[in-house]
Structure formats: structure tokens, C-alpha cells
Amino acid sequence: DRMALYAQHGMDLVLAGHTHGGVVRLPLFGGLVGPGHELLPKYAAGLHRMGSTQMYVSRGLGGAGPRLFNRPEVAILTLRGENTP
């Protein structure tokens, strides 16, 4: 929910988590309920871009709550510089 702030401050990359992918996900739709109990969270999982800012949100592994249609995830990211092939 802070993507605009990160982009405003010119952050190149943000790695985020603990959203559990929207806690409950609907197939072909995405996150239904966010970790703060908000409906239809915009940045629940995956890679998002705003200007030159990129943010990856991991669904994580947590199992403390329900994970309906929301498989646990371990993200493996490869970081490359601008001039790296």
C-alpha cells in the first residue's frame, strides 16, 4: 500500500512480504482480503512497477491463518545491474 511513496522517493527496488498474497485469493482474480482486513488489496503478491520503481511482494510461507487458493511461496530473485547482460 506504499508503492506511490517508494516511487516518489526514487527507490529502484523494494522487496516486501507478509501480505500472505491477500490472505484469501480467488482464482483468476487475486487477493480478496489483505493482512489489514482491507478488501481487494492492490499489491498482494508478485512484481509491481511504478515509474522506475519495482516492488516484489512475496506471499511467504506462513501458516498461522487461512490460505484459501493461496499457495505458500519462496521467491528466488536474481538481481542484475543496468549494464549486466
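Source: prediction; values computed, not measured.

Observations regarding the sheet that holds strand S5 (residues 53–57)
Part 1 of the argument: In space, the three strands of this open sheet follow the order S1-S5-S4, with mixed pairing throughout. In this open sheet, the two strands that pair with only one neighbour each are strand S1 (13–16) and strand S4 (46–50). Going from strand to strand, the sheet's axes swing by 15° on average, the running direction of each strand aside.
Part 2 of the argument: Here four bridges tie S1 to S5, and the two strands are oriented parallel to one another. Following the sheet pairing, Val-14 is matched in S5 by Met-55.

Describing the environment of Arg-49
Part 1 of the argument: Topologically, Arg-49 is positioned in strand S4.
Part 2 of the argument: The class of Arg-49 is exposed, set by a relative accessible area of 60%.
Part 3 of the argument: Here the alpha-carbon distance between Arg-49 and Met-3, two residues 46 residues apart in the chain, equals 8.5 Å.
Part 4 of the argument: Leaving out residues up to four positions away in the same chain, Arg-49 has contacts with Met-3 and Gln-54.
Part 5 of the argument: A polar contact is formed between the side chain of Arg-49 and the side chain of Gln-54, at a distance of 3.3 Å.

Conventions and cut-offs
- Residues numbered from 1 in each chain as written.
- Predicted model: local features only at pLDDT ≥ 70, side-chain atom pairs only at ≥ 80, totals over all residues.
- Heavy atoms only, no water.
- Pairing = 2+ DSSP bridges.
- Helix = DSSP H or I, 4+ residues; strand = E, 2+ residues; numbered from the N terminus.
- Axes fitted to C-alpha atoms, helices over the stretch in contact; angles between N-to-C directions.
- Buried < 20%, exposed > 50% of the residue type's maximum accessible area, 1.4 Å probe, protein only.
- Contact = heavy atoms within 4.5 Å.
- Polar contact = N/O pair within 3.5 Å; in protein donor to acceptor, adjacent residues only side chain to side chain.

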